[in-house]
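# Chains, contacts and geometry: an overview
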Amino acid sequence: LVAGRLAAAVADKPNVIAWQIDNEFGFTPDYGSASLTAFRTWLANRYGSIEALNERFGAVLWSQTYSSFEQIPAPTRHVQHNPSLWAAWYRFWNEQIASFAGLQLAAIRARSQVPVTHDGHGVLHQFVNYGRLFADLDFAAVNHYNPWPRSTLPLYDQMRSFHKPYPHWLFETAPNFAGGWGPGEMIFVYQGENSLRAAVWINVALGGQGTLFWLWRQHPAAHEMPHGSVVSSWGKVSANFDDLRSLGEEMAESSDFLARSPVARAEVAIFWDHEALAMLNSVEKYANGIDYGSDWFKRFYVPIVEAGLHRDVLNPVTVERLGLSLIAHYKVLLVPLLPYISSALRALLKTWVEHTGGTLLLGPMSGYRTADWTSFRDGHALGRDLEPWMDIVVESRIPVGAELYDYESPLGLEV
């Protein structure tokens, strides 16, 4: 592995303070024969038999029953595949991504003792499950090129909530402007007056340990030549250099205070789920026009911010892994737009309410899908555990739109 050779070459250098494995993992599945074979093997191990898979998928509907695992395809966007197959495909590839990261992690740790991380990107629009990816890493890191400070808040609220032994870092942000990823992608986002200062201080105020800029020196060739930098390719300082220098001075002046003043513990937390993003946006548009990322942000997260409440953003995978000790101190937990809530998380939330007396706000659109992304068939729309515990009965479920439209009734009748 490249990571192992690199670690062997420089691990003993005193200036190596941490490792970043790979760069900005994205959800870009491979459709080659080896990957398809691995997916079918993963399904066989998960379900045990093709009969069990057919039953749990409800594959008899629409004549999707499989005779063997070798019949199962890799789902593609131009075919209306079974939602259960999409959910399995999503989980399989997240395991592959985490496994690949684990190979690099093991190669580095065999030669180096300094912390290891990965730089996540586009957390609110990313199918890669960071709760799974960051589980074995030493600290979390995130990239963003967003000049609108408020939209970066949930990034840090989530990075902080992975509860790592080291504070998170902002590994990439533009010192002035960003753009030029490739042909047809010459998108320039300019850091206006004070937006860079705000972006860096927000990261620090929400628990970040440091900020790195992409780029330090501008590329003289190849990809991203137009991308902003601290120093131009011809050796001159670029736009916002004075702001950068002022930031350095402010950080130096505040260093002792920041070191003594960790971020206060939040009493409110809201769940964010990468799987819900993948399934609601790409597979199941249960509410017309819903966009998980923007609706979660505007309808649920922003009101918490505007109420002046300090909050954490929790990943279901992280909560399941760390258990009650992670959530015991919260007074309020919000769980919106989370169609699938695992049995372990259901039990944990119930225990949290009963042991702490906290307030659980569940929904909308939470808890109505099984582990295979099907509907419950046990007489309870939310499963036999949630409804009796909450003393509710869901009689019917009506899909609604995410936007309101003016409506004129026929013949002027009242509606």
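In the block above lies the structure referred to throughout.
Being a predicted model, the structure only gives us computed values, none of them experimental.

The rules behind these values
Residues numbered from 1 in each chain as written. Predicted model: local features only at pLDDT ≥ 70, side-chain atom pairs only at ≥ 80, totals over all residues. Heavy atoms only, no water. Core = buried A, V, L, I, M, F, W, Y, C linked by side-chain atoms within 4.5 Å. Buried < 20%, exposed > 50% of the residue type's maximum accessible area, 1.4 Å probe, protein only. Helix = DSSP H or I, 4+ residues; strand = E, 2+ residues; numbered from the N terminus. Contact = heavy atoms within 4.5 Å. Pairing = 2+ DSSP bridges. Axes fitted to C-alpha atoms, helices over the stretch in contact; angles between N-to-C directions. Salt bridge = Lys/Arg side-chain N within 4 Å of Asp/Glu carboxyl O.

## Observations concerning the nonpolar core
Membership of the largest hydrophobic core comes to 75 residues, with the highest contact counts inside it found for F39, L43, L53, I72 and W296. Examining the composition of this core, we find that 12 residues originate from one element, helix α4 (residues 83-109), more than from any other. Beyond its immediate sequence surroundings of up to four residues, W296 is in contact with L124, P154, I270, F271, W272, D291, Y301, V313, P336 and L337. The next biggest cluster of nonpolar side chains, apart from the first, holds 17 residues, and it includes A269, I327, L348 and W352.

## Focus on unusual backbone geometry
Residue L215 is bonded to the preceding W214 through a cis peptide linkage, with omega at 10°. Turning to its location among the elements, L215 is positioned in the loop between β8 (210-211) and α8 (241-260). Residue P364 is reached from G363 by a cis peptide bond, and omega for that bond is 0°. The phi dihedral of L337 falls on the positive side, at around 50°, and the residue is not glycine. Structurally, the position occupied by L337 is in the loop between β11 (332-335) and α13 (343-356). A positive phi is found at W373, a non-glycine position, where the angle reads about 60°. Position of W373 among the secondary structure elements: in the loop between β12 (359-362) and α14 (386-390).

## What to know about the sheet that holds β11
Taken in spatial order, the four strands make up an open sheet running β10-β9-β11-β12, and their pairing is parallel. The sheet is open, and its two edges are formed by β10 (311-314) and β12, each paired on a single side. Sheet twist, expressed as the mean angle between neighbouring strand axes with direction ignored, is 20°. Pairing between strand β9 (residues 268-271) and β11: three bridges, direction parallel. Bridge pairing links V268 to V332 in β11.

## Considering the sheet that holds strand β5 (residues 169-172)
Strand order in the open sheet formed by four strands is β3-β4-β5-β8, and the pairing between neighbours is parallel. Two strands lie at the open edges of the sheet, namely β3 (119-121) and β8, each paired on one side alone. Bridge count between strand β4 (residues 141-143) and β5: three bridges; the pairing is parallel. The residue of β5 that forms the bridge with V142 is L170.

## Quick word on the pattern of salt bridges
Scanning all chains against the criterion turns up 16 salt bridges. Where R160 meets D312, a salt bridge forms, and the shortest distance between an N and an O atom there is 2.8 Å. Separated by 152 residues along the polypeptide, R160 in helix α6 (residues 153-160) and D312 in strand β10 bring together distant segments of the chain. Like D312, R160 is buried. Between D378 and R384 there is a salt bridge whose closest N-O contact spans 3.7 Å. Residue D378 is classed as partly exposed on the basis of its relative accessible area of 23%. Through salt bridges with shared partners, a single ionic network connects D157, R160, R311 and D312.

## Brief notes about the pairing of β10
A two-sided burial pattern is seen for β10, the buried positions comprising R311 and V313 on one face and D312 and L314 on the other. Taken together, the four bridges between β9 and β10 define a ladder with parallel strand orientation. In the sheet register, F271 faces β10, and the bridge partner there is L314.

## Considerations on the environment of P83
Along the chain, P83 falls in helix α4. Spatially, the C-alpha atoms of P83 and K13 are 50 Å apart, while their sequence positions differ by 70 residues. Setting aside anything within four residues of it in sequence, one finds P83 in contact with M279, V283 and W373.

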